[in-house]
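Read off the chains here:
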Protein chains: 2
Amino acid sequence: MELSERKLKILQAIISEYIKTAEPVGSRTLSKKEGFDYSPATIRNEMADLEEMGYLTHPHTSAGRVPSDKAYRLYVNELMERPQLSKDEKAIIANRLHETTVDFEKTIAHAASILSEITNLTSFAMTPKKTEDVIKYINLLSVDEETVVLMIVSESGKVSNKAVKMSVPYTEDSLELLSKTMTYNYKGKTVSQALTNNIIANFETDVVAMSGMAEDVMPNFMKTLEDMLNVNLYMEGLSNIFDIPEYSDVSKARSFIEMLSQKEEMTKKLIERDDGITVTIGDENEDSNLQDCSLITASYSVDGKLVGKIGVIGPTRMKYSKITSIIEYLTENLTDTFKLESGERTDDIDDKKGENEGVNNNE
Amino acid sequence: MELSERKLKILQAIISEYIKTAEPVGSRTLSKKEGFDYSPATIRNEMADLEEMGYLTHPHTSAGRVPSDKAYRLYVNELMERPQLSKDEKAIIANRLHETTVDFEKTIAHAASILSEITNLTSFAMTPKKTEDVIKYINLLSVDEETVVLMIVSESGKVSNKAVKMSVPYTEDSLELLSKTMTYNYKGKTVSQALTNNIIANFETDVVAMSGMAEDVMPNFMKTLEDMLNVNLYMEGLSNIFDIPEYSDVSKARSFIEMLSQKEEMTKKLIERDDGITVTIGDENEDSNLQDCSLITASYSVDGKLVGKIGVIGPTRMKYSKITSIIEYLTENLTDTFKLESGERTDDIDDKKGENEGVNNNE
DNA sequence: GTTAGCACTCGCTTAGTCAGAGTGCTAACT
DNA sequence: AGTTAGCACTCTGACTAAGCGAGTGCTAAC
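Residues numbered from 1 in each chain as written. Chains lettered and ligands numbered in written order. Predicted model: local features only at pLDDT ≥ 70, side-chain atom pairs only at ≥ 80, totals over all residues. Heavy atoms only, no water.

Q: How should the overall build of chain A be read in this particular structure?
A: When helices and strands are counted, chain A shows 13 helices and 10 strands. Expressed as a percentage of its 363 residues, the buried residues of chain A come to 52%. Carbon and sulfur atoms make up 47% of the accessible area of chain A, which totals about 16,500 Å². (Helix = DSSP H or I, 4+ residues; strand = E, 2+ residues; numbered from the N terminus. Buried < 20%, exposed > 50% of the residue type's maximum accessible area, 1.4 Å probe, protein only. Areas by Shrake-Rupley, 256 points an atom, 1.4 Å probe, with all protein chains shown as cover.)

See below:
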């Protein structure tokens, strides 16, 4: 069977009605809608067809129709209009985003909370996976007789450090030599490369005098590299799920929160997702806990290379169009922020994509 | 009316029974308990007295008795026995605690998750408030032509850093001079002192050549100091509240999670609490959202000075005795970990408080 | 002072009823 | 042939009533 013009129209109406109300949509409700000149009976016939084709379901005989995941997929791919955000909305996002400190981690966390506030959903933001970050510079600094600080600067601008207790005496000169040697050996390598081949081992044998120092420093160096690979996941608006009728059931709410609390799991799932804006709907999600949810994620980049993710999670019945636009704008903004590292932002991001302004907020 | 021996015994029995089952305790149940040689009727009389005195309440006429907050307070202060943890339990905690990396923040977060796992409650852990942390050492390091790294080492061993984009050219020498000057000016000051009196301002006027550099560096210095003051709050086991019958009501669960999600609020509340083990029960909590809950917190210290908090939050009906012991042991362990900075722990913490082993797990 | 007995009170569960919403089908209409 | 009105049917959700069980409070006897 073909999806006629009218079927599409009806399907779209059902979806947006259901997104708004969370109630199964009946034929009478639809026929009363503006622009619908068909009687309930006609609509019922079309609905029956749509159901046969897998776009609608029936909670029970005497209930209205509910869109299936397949319907949402069609909606997202073809039916929905992507409203440009209004200037005001954009301004709100941009301002909120820059009200925070310049600290990277905080900005990411803040982005998550903005997203959750605007969408009224549960949101998350992930710091970039730094596997590909390149070591630029390694330094050892004397703090006191038995403490030095190991510092690793990477191309992305991230500086990691670690205090190291030295078990052997050291001199400023030997520290400097060790720093230089380490930099020489590791500079230009990615963090993950550096982790896999422990180059300094060779070095130790060469300069015996320094092997004691190296023994103190290297384990800490490795630990620090490992730390650099860690991805942080920020989550906001957990309690928003309680606003969603689907989760007024305690056991459902429970498993939702339980799932989200497992940060490692969640992080892994998010990393695996494609870059760019990605929408997965209901049973398209592999995780069984997620099959009642939809996930919208997008990626931002730092310095044009490292890629982090940000997104929302909510019921399949969510405002895909609006939320997609919001996330898109937010990630553009983030990427932009992390490009002009030093903080002097240009303020014309708003107009970046040409002027297609203030229109269809169809929700 | 006096609290006779028998009344106390009955009250204690009601409390521990109720803690275990979450069901109102009836007179028959009690009379069947081992060591209770009184008939239900006798017990009923005593119960009536206890209710009159404010230690018990009645959800409704035909229900059993439920302890009041006043009863829990009595229980915590006088009735409950504080079981020493068994060697096994201690070993589990200690091992779990040290299975993590040496990274400070991670250890704290990990402590929270251990606590939540063991107690099956929602737990939290707060990094220390560093207002009193003393600046030890400030350094500026050249990374490339336009980037330097600002590094602040504090007495507590914490190293903070920030990449600074320089708008003016600089030389290694001038960097070193600026580092030295800053160290000279700020060394020995606490972070909060340093924040309040911006000493370097004077310096700028003295050495004109450096004022450009200082202008780039100082705002970042201040930002970094502010960052150092930030307290992180880690929370674990949020979904554990769903195990608690009291929170099977969605709206209750909601307000619980909502409250906990407001990290700033929570942090403030926790900071305000007394150090040492502190138990607040039900309406003893000022916050109205917390009046159905009890809070047990304890403080750990870093290097004998900075103080952080860790604790659990749960229904007033919680296993005070066991949980208190667990938290006490955990904080001792944490404090100890952060004393022997370099990581070589002695393994005799278990025996620190003398041998009073393997007894009354009365729950 | 303690206990047995008994009437009484609630809350929870199950079954039963009823109104409302919505469907599916058939037959009539355009 | 597509559209519509009408009607029987189904299912849910809210409400009500009855019965059970747990537990109390009181009285009178031990």
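We are not done yet, so read on.
Q: Looking at this model, I keep getting lost on the protein's contact with DNA strand D. Mind explaining?
A: Neighbouring DNA strand D are 21 residues; Arg 6, Thr 42, Thr 61 and Ser 62 of chain A together with Ser 27 of chain B lie closest to it. Sugar plus phosphate: this is where 74% of the atoms of DNA strand D within 4 Å of the protein reside. Between DNA strand D and the protein, one listed contact pairs a base oxygen with a side-chain N or O atom of Arg 44 of chain A at 3.3 Å. Side-chain polar atom of Thr 61 of chain A to a sugar or linking oxygen of DNA strand D: 3.2 Å apart, as the coordinates give it. Elements that contribute at least two residues to the surface near DNA strand D include exactly α3 (40-52) of chain A together with α3 (40-52) of chain B. Residues that form the surface near DNA strand D fall into these classes: four nonpolar, 12 polar and five charged. (Near = heavy atom within 4 Å. Polar contact = N/O pair within 3.5 Å; in protein donor to acceptor, adjacent residues only side chain to side chain. Nonpolar A, V, L, I, M, F, W, Y, C, P; charged D, E, K, R; others polar.)

Q: Explain the pairing of strand β8 (residues 278-281) of chain B here, please?
A: In the case of a regular strand, side chains alternate between the two sheet surfaces. Residue and element names in this part refer to chain B. Where burial is concerned, the two faces of β8 agree: the one with Thr 278 and Thr 280 and the one with Val 279 and Ile 281 are both buried. Pairing of β8 with strand β9 (residues 293-302), which is carried by four bridges, proceeds in the antiparallel orientation. Paired with Thr 278 across the bridge in β9 is Thr 297. (Pairing = 2+ DSSP bridges.)

Q: In this structure, what is going on with the packing of helix α5 (residues 87-98) of chain A against helix α6 (residues 104-119) of chain A? I would like to understand it.
A: The angle between the axes and the distance between the axes are what describe a pair of packed helices. All names here are of chain A. Contact pair α5 / α6: the axes reach a minimum separation of 9 Å and the direction vectors enclose 145 degrees. For the pair α5 and α6, the crossing hand works out as right-handed. Here Ile 93, Arg 96 and Leu 97 of α5 come into contact with α6, specifically with Thr 107, His 110, Ala 111, Ile 114, Glu 117 and Ile 118. For the contact of α5 with α6, the per-class residue count stands at five nonpolar, two polar and two charged. (Axes fitted to C-alpha atoms, helices over the stretch in contact; angles between N-to-C directions. Left-handed = near helix turned anticlockwise from the far one by under 90°. Contact = heavy atoms within 4.5 Å.)

Q: Help me out: how do you make sense of the pattern of salt bridges in this one?
A: If the charged atoms of two oppositely charged side chains come close together, the side chains can form a pair. This structure, assessed with the given rule, holds 34 salt bridges over all chains. Arg 6 of chain B is paired through a salt bridge with Glu 46 of chain B; the nearest N and O atoms lie 2.7 Å apart. With Arg 6 of chain B in helix α1 (residues 5-21) and Glu 46 of chain B in helix α3, the pair connects residues that are 40 residues apart, well separated along the chain. Here the salt bridges share partners, and the residues they tie into one network are Arg 6, Lys 7, Glu 46 and Asp 49 of chain A. (Salt bridge = Lys/Arg side-chain N within 4 Å of Asp/Glu carboxyl O.)

Q: How should the interface of chain B and chain A be read in this particular structure?
A: Accessible area lost upon the coming together of the parts serves often as the stated size of an interface. Across the contact, 36 residues belong to chain B and 36 residues belong to chain A. When chain B packs against chain A, close to 3,000 Å² is buried across both sides, 63% of that on carbon and sulfur atoms. Together, Phe 242, Val 250 and Arg 254 of chain B form the three largest contributors to the area buried by chain B at its contact with chain A, with a combined 18%. Note that Asp 227 of chain A and Lys 106 of chain B form a salt bridge whose closest N and O atoms lie 3.3 Å from each other. Inspection of the region where chain B meets chain A yields eight residue pairs in polar contact (both at pLDDT 80 or more). Contributions of two or more residues to the side of chain B that touches chain A are made by β4 (135-144), β5 (147-154), β6 (159-165), α10 (208-229) and α11 (250-261) of chain B. Top contributing element to the side of chain B that touches chain A by residue count: β4 of chain B, with seven residues. (Buried area = accessible area lost by both parts, 1.4 Å probe.)

Q: What is the right way to read the protein's contact with DNA strand C from this model?
A: The full set close to DNA strand C counts 21 residues, and Ser 27 and Ser 62 of chain A together with Arg 6, Thr 42 and Ser 62 of chain B are the nearest of them. Taking all atoms of DNA strand C within 4 Å of the protein, the share assigned to sugar and phosphate is 75%. A distance of 3.3 Å separates a base oxygen of DNA strand C from a polar atom in the side chain of Arg 44 of chain B. Those elements that provide at least two residues to the surface near DNA strand C are α3 of chain A together with α3 of chain B. Sorting elements by how many residues they give to the surface near DNA strand C places α3 of chain B first, with four residues. In terms of residue class, the surface near DNA strand C is made up of four nonpolar, 12 polar and five charged.

Q: Teacher, can you tell me more about the environment of Asn 139 of chain A here?
A: Along the chain, the position of Asn 139 of chain A falls in strand β4 (residues 135-144). For the pair formed by Asn 139 of chain A and Ala 22 of chain A, sequence separation is 117 residues and the distance between their alpha carbons is 58 Å. Asn 139 of chain A has contacts with Val 149, Leu 150, Met 151 and Ser 179 of chain A together with Leu 141 of chain B, leaving out every residue within four places of it along the chain. A distance of 3.1 Å separates polar atoms of two side chains, one belonging to Asn 139 of chain A and the other to Tyr 137 of chain A.

Q: Explain the sheet that holds β4 of chain A to me, please; I cannot follow it from the model alone.
A: Backbone-to-backbone hydrogen bonds join strands into a sheet, with any given pair of strands oriented parallel or antiparallel. All names here are of chain A. Here three strands make up an open sheet; going across it, the order is β4-β5-β6 and the pairing antiparallel. In this open sheet, the two edge strands, each paired with only one partner strand, are β4 and β6 (159-165). Here the average twist between neighbouring strands, direction ignored, is 20 degrees. With seven bridges joining them, strand β5 (residues 147-154) and β6 adopt antiparallel strand pairing. In the sheet register, Thr 147 faces β6, and the bridge partner there is Lys 165. Here helix α7 (residues 172-186) sits on the sheet in contact with β4 and β5, set at roughly 165 degrees to β4.

Q: Would you explain the pairing of β6 of chain A in this entry?
A: Among the seven residues that make up β6 of chain A, five are buried, leaving the element largely enclosed by the rest of the structure. Linking β5 of chain A to β6 of chain A, which pair antiparallel, is a turn of four residues; within it Gly 157 of chain A sits at a positive phi near 95 degrees.

Q: Is there a simple way to think about the nonpolar core in this case?
A: Among soluble globular proteins, nonpolar side chains are generally buried collectively. The biggest cluster of nonpolar side chains holds 150 residues, and the ones touching the most others in it are Tyr 320 of chain A together with Tyr 320 of chain B. Look past the residues within four positions of Tyr 320 of chain A in its chain and what remains in contact with it is Ile 19, Tyr 72, Tyr 75, Val 76, Met 80, Val 279, Ile 281, Ser 294 and Ile 296 of chain A. (Core = buried A, V, L, I, M, F, W, Y, C linked by side-chain atoms within 4.5 Å.)

Q: Before we go on, may I ask you to explain the packing of aromatic side chains in this structure?
A: Centre-to-centre distance and the angle between the planes together describe a pair of aromatic rings. All names here are of chain A. A complete count under the given rule lists 10 aromatic pairs over all chains for this structure. Ring centres of Tyr 186 and Phe 221 lie 4.8 Å apart, and the angle between their planes is 55 degrees; on these two criteria the pair is classed as tilted. Of this pair, Tyr 186 sits in helix α7 while Phe 221 is found in helix α10 (residues 208-229), placing the two residues 35 residues apart along the sequence. In terms of burial, Tyr 186 and Phe 221 fall into one category: buried. The lysine or arginine in question, Lys 70, covers the ring of Tyr 55, its NZ or CZ lying 4.5 Å from the ring centre. (Phe/Tyr/Trp six-rings, centres within 6.5 Å; stacked < 30°, edge-to-face > 60°. Lys NZ or Arg CZ within 6 Å of the ring centre and 35° of its normal.)

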